[in-house]
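Breakdown of the fold
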Amino acid sequence: MSAAAPKPVPMLDVNRQNAPLLPEIDAAIAEVTRTGTFINGPACREFEEAVAAQVGVDHAIGCASGSDALLLPLMAENIGPGDEVLLPSFTFFATAGAVARLGAKPVFVDILPDTFNIDPEDAARKITPATKAMIPVHLFGQAADMKSLMALAEEHNLVVIEDACQAIGATAGGVAAGGIGHYGAFSFYPTKNLGGMGDGGMITTNNAEKADVIQRLRNHGQHPRYYHHLVGVNSRLDAIQAAVLNVKMQYLTEWAEARRAHADRYTSELKSRKVSLGLPMVTSGVSSVWNQYTVRVADGQRDALQQALNAVGIGSAIYYPVPLHLQGCFESLGYSEGDLPHTEQAAQEVLSLPMFPEMTTEEQDRVVAAVAEFNQSGSTTAAPASVPMNTPAAGANVDLPSSKAG
Ligand SMILES: *Cc1c(COP(=O)(O)O)cnc(C)c1O
């Protein structure tokens, strides 16, 4: 008798989340269809109000994507040619793309190796008279060091746009991500912690005047209709997406708690097996909503671990393999390898393991077992030229507690 091959463990499974909600979601979509209001309308306003309340701000403005949620505040602040914007290089492309699309210059800042988030001291070193704004990213769901960053911004009169696309529900100093800077940018791309059934985004702010400007900019700058004092874009939130997100919003806290429990369990299980990986940590005073659980694999063994997991049907992902300062499209900015050492090392070492609220204990056990098995064999069968895996990456926090979140 041969045992059936175990079912694959996916990196994430959106269907498992959506399936039990389908009756509710279908009804919400049917209501939009019935009213025929497909752009803006009551479902959009309800969702904007829910996000504003969640983030604890006065204004939330829906838009077409997280990418546009970064673009529109930059437009509202008239950021353009001649202006510099500080941002981490270790992030999704959209953070820098928004800046470059407006003709402004992205200035790439290194990360803190323990959190993967922007290093406030490196940001301070890169401020010039042309620096107008800063976009801290709350990477993998953990809030950046907003206290230091806001102090820096105040000192140099910089606009702060928080890229909270991976971090809805996270906090720093007890304040929600996206509600600390001048603006917050959120994405409802299907794989985010609050994922729609298509694209969607949201801008949060406490600035009533700028909220008004952004509301016009997302609709070709018109106000009233067909009168344009500003050149805007078409970036509105579909009512059908808002209807879906209104349903899913009710579960946001519950899902974040499930992710946190999975993260804590990964950390305790991996530690008890004494794996020589850099395990993620959450610094005190901030919380993570664990959009990703990302480990560091030193000594060039990362890709081998990914292949070993893949061979036994376990998903994993590399966020992000190429730092933005080394991307071809930014060649003219003149960066070269070695400019942002922590970023470049992270790009070589990171591997994100399966993480989604509905992941089962059995699935997680299989991930842990496969990682541990590779880790043990890795130290004996590694290629002779490479150092054994039991040396943690410089800066990796192997022993620190996983989460002070709450
Ligand atoms: C997903 C993401 C974005 C862009 O969001 P879209 O909705 O896909 O446009 C921006 N920044 C970060 C950090 C993201 O993870």
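In this text the structure is predicted, and so the values were computed from the model without any measurement.

**Examining the UniProt feature "active site" (unreviewed entry) in the protein**
Per the UniProt record, the feature "active site" (unreviewed entry) sits at Lys192. Those residues within four positions of lysine 192 in sequence are excluded, and the remaining contacts are Cys165, Gln166, Ser187 and Asn291.

**Looking at helix α5 (residues 94-101)**
In terms of residue burial, α5 counts as a mostly covered element, since six of its eight residues are buried. Inspection of α5 places Ala94, Thr95, Ala96, Gly97, Ala98 and Val99 among the buried residues, and these make up the whole buried set. Taken from the residues just after α5, glycine 103 is the one with a positive phi, measuring 80°.

**Notes on the packing of aromatic side chains**
Inspection of every chain in the model, using the stated rule, returns 13 aromatic pairs. Note on phenylalanine 47 and phenylalanine 188: the rings are 5.0 Å apart at their centroids and 70° apart in plane angle, and the pair reads as edge-to-face. In this pair, phenylalanine 47 is assigned in helix α3 (residues 41-55) and phenylalanine 188 in the loop between β8 (183-187) and β9 (201-205), connecting sequence segments 141 residues apart. Phenylalanine 47 gets classed as buried once you look at its relative accessible area, which sits at 0%. Since its relative accessible area comes to 1%, phenylalanine 188 is described here as buried. Ring centres of phenylalanine 108 and phenylalanine 330 lie 5.6 Å apart, and the angle between their planes is 55°; this geometry places the pair in the tilted category. Of this pair, phenylalanine 108 sits in strand β3 (residues 105-109) while phenylalanine 330 sits in the loop between α11 (302-311) and α12 (341-349), and the two are 222 residues apart along the sequence. Accessibility classification places phenylalanine 108 together with phenylalanine 330 in one group, the buried group. Connected via pairs of aromatic rings, a cluster forms that spans Phe90, Phe92, Phe116, Phe140, Tyr319 and Tyr320. Here lysine 192 stacks its cationic end above the ring of phenylalanine 92, 5.9 Å away from the centre of that ring.

**Quick look at the pattern of salt bridges**
Enumeration according to the criterion identifies 14 salt bridges in this entry. The residue glutamate 31 makes a salt bridge to arginine 34 at a minimum N-O spacing of 2.9 Å. In this pair, glutamate 31 and arginine 34 both sit in helix α2 (residues 22-35), three residues apart, roughly one turn of the helix. You can call arginine 34 exposed: its relative accessible area is 61%. The partner of arginine 216 in a salt bridge is aspartate 212, with the nearest N and O atoms 3.0 Å apart. Remark: aspartate 212 and arginine 216 occur in helix α8 (residues 208-217); sequence separation between them is four residues, near one turn of the helix. According to the relative accessible area criterion, aspartate 212 is partly exposed, its value standing at 33%.

Thresholds, definitions, all that
- Residues numbered from 1 in each chain as written.
- Predicted model: local features only at pLDDT ≥ 70, side-chain atom pairs only at ≥ 80, totals over all residues.
- Heavy atoms only, no water.
- UniProt positions renumbered as here; feature names shortened; annotations may be inferred.
- Contact = heavy atoms within 4.5 Å.
- Buried < 20%, exposed > 50% of the residue type's maximum accessible area, 1.4 Å probe, protein only.
- Helix = DSSP H or I, 4+ residues; strand = E, 2+ residues; numbered from the N terminus.
- Phe/Tyr/Trp six-rings, centres within 6.5 Å; stacked < 30°, edge-to-face > 60°.
- Lys NZ or Arg CZ within 6 Å of the ring centre and 35° of its normal.
- Salt bridge = Lys/Arg side-chain N within 4 Å of Asp/Glu carboxyl O.

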